Amino acid sequence: DVCSSDLLMRETVEETGSLYIAMKERENEWPHYMVEMVGIGEETGRLEEIMRNLSAYYQREGKIKDAASSAVTYPLVLGIMMVVIIAVLLWRVMPVFRRVLGSLGVDPAGSAVRLMNIGTAAGWVVLALIGIVVIGVITVLILMRTGRREKTLAWLRNLLPPVKRISEKLSSSRIAGMLGLMLSGGFPIENALDMAAGALEDEQSIGKVKEIRSKMDGGESFADAISSANLFTEFYNRILKIGAATGHEPQVMTKIAEVYEEQVEDDLSRMISLIEPVLVALLSIVIGAILLSMMLPMAGVMSSL
């Protein structure tokens, strides 16, 4: 129960004077990363600032998730609508026209019936293809909620280059946002990298953080290690080096996270803007072809009467 959990947390805070202890006792209810950052805030006396930064960080995460959800949901719904419409035409409407042509004495081997057969075959092919795609998308969505999430993402990245590009930008945004938040909380960069690797959820981001940490262990600076790991583009690598030289690494990392987040949203919007007209055009062409295959024979029969 949410209310009882909040009440217990309040009692713990009143008893111990620590929000971190209260959250730690119920760590399964809170992200590990948030709990640890609250602890850092209490230790450094910057809890209020860290809570504001956490709010901005999770707002960015929420916007990215909403954009990704929209990018998948709208085409999926449109695809299901296409399957339903084409299926109704093939299962219910086509047989009626066949019976009408038969009642008018049209030769079953004639061109009119052949045209209708071609339209029906094309409809079934398209229906099967769209059905396979829809089932595939639903299967991927289900797998994303299971322990096969990372394998599914890796497969999608290899299969679809746009997904790979968006995934890389999303990884860069999350790492930059998390490191910017930790650095602003006064955490040493080495400790921030270690904690980020434990708090991140996707394997791609974790691998990048571990690579950066390994390069720093080899003697490279933070900015040089990020540049070597190809986390950001060269432009942002130069900006980060300037930020490191002037002591503004946290602000630079946070700004880079915001920029990459905007790019992810723009890329997802472009994907939707491309998928939508393609699906609508495909639906129009298929339905038009099926209707023409029905109406042209009827028009030919009517004109011969």
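Parameters at a glance
Residues numbered from 1 in each chain as written. Predicted model: local features only at pLDDT ≥ 70, side-chain atom pairs only at ≥ 80, totals over all residues. Heavy atoms only, no water. Axes fitted to C-alpha atoms, helices over the stretch in contact; angles between N-to-C directions. Helix = DSSP H or I, 4+ residues; strand = E, 2+ residues; numbered from the N terminus. Parallel < 35°, antiparallel > 145°, perpendicular 65-115°, else oblique. Left-handed = near helix turned anticlockwise from the far one by under 90°. Contact = heavy atoms within 4.5 Å. Phe/Tyr/Trp six-rings, centres within 6.5 Å; stacked < 30°, edge-to-face > 60°. Buried < 20%, exposed > 50% of the residue type's maximum accessible area, 1.4 Å probe, protein only. Expected span 1.5 Å × (residues − 1). Arc of directions from axis to C-beta. Core = buried A, V, L, I, M, F, W, Y, C linked by side-chain atoms within 4.5 Å. Salt bridge = Lys/Arg side-chain N within 4 Å of Asp/Glu carboxyl O.

### A closer look at the packing of helix 7 (residues 161-184) against helix 9 (residues 203-217)
One can describe the packing of helix 7 onto helix 9 by two numbers: an axis separation of 9 Å at closest approach and a directional angle of 55 degrees. Between helix 7 and helix 9, the crossing angle belongs to the class labelled oblique. Two packed elements cross with a definite hand, and for helix 7 against helix 9 that hand is right-handed. Between helix 7, through Ser167, Glu168, Ser171 and Ile175, and helix 9, the contact on the second element is made entirely by Gln204, Ser205, Lys208 and Val209.

### Points about the packing of aromatic side chains
Summed over all chains, the structure comprises four aromatic pairs. Through a chain of ring-to-ring contacts, three or more aromatic side chains come together here, namely Phe232, Phe235, Tyr236 and Tyr260.

### Considering the environment of methionine 37
Structurally, methionine 37 can be placed in helix 3 (residues 32-44). By relative accessible area, which is 0% here, methionine 37 ends up buried. Separated by 145 residues in sequence, methionine 37 and methionine 182 have C-alpha atoms that sit 7.5 Å apart. With sequence-adjacent residues up to four places away left out, methionine 37 is seen in contact with Ile50, Leu54, Leu181, Met182 and Met195.

### Considering helix 11 (residues 234-246)
Three or four residues apart is the spacing at which side chains of an α-helix point the same way, because the helix has 3.6 residues per turn. The end-to-end C-alpha separation of helix 11 is 19 Å, in line with the 18 Å expected for 13 residues at 1.5 Å each. For helix 11, every residue scored as buried is listed here: Tyr236, Asn237, Leu240 and Gly243. For helix 11, the arc enclosing every buried residue in end-on projection is 120 degrees, short of the 170-degree limit, so these residues lie on one face. Exposed residues lying more than 90 degrees from the buried face of helix 11 are Ile242 and Ala245. Taken from the residues just after helix 11, glycine 247 is the one with a positive phi, measuring 80 degrees.

### Some thoughts on the nonpolar core
Membership of the largest hydrophobic core comes to 45 residues, with the highest contact counts inside it found for Phe222, Phe232 and Met253. It is helix 7 that provides the largest number of residues to this core, a total of seven residues. Within the second largest apolar cluster, 20 residues are counted, among which are Leu78, Phe97, Val134 and Leu283.

### Quick notes on the pattern of salt bridges
If you walk through the whole model with that rule in mind, you get seven salt bridges. Of the charged contacts in the structure, one is a salt bridge between lysine 169 and aspartate 267, with a shortest N-O distance of 2.9 Å. With a gap of 98 residues between them, lysine 169 in helix 7 and aspartate 267 in helix 12 (residues 249-304) connect regions that are remote in the sequence. A residue is classified by how much of its surface remains accessible, and aspartate 267, at 11% relative accessible area, is buried. Notably, a salt bridge pairs lysine 255 with glutamate 258, separated by 3.8 Å at the nearest N-O pair. In this pair, lysine 255 and glutamate 258 are both assigned in helix 12, three residues apart and thus about one turn of the helix distant.

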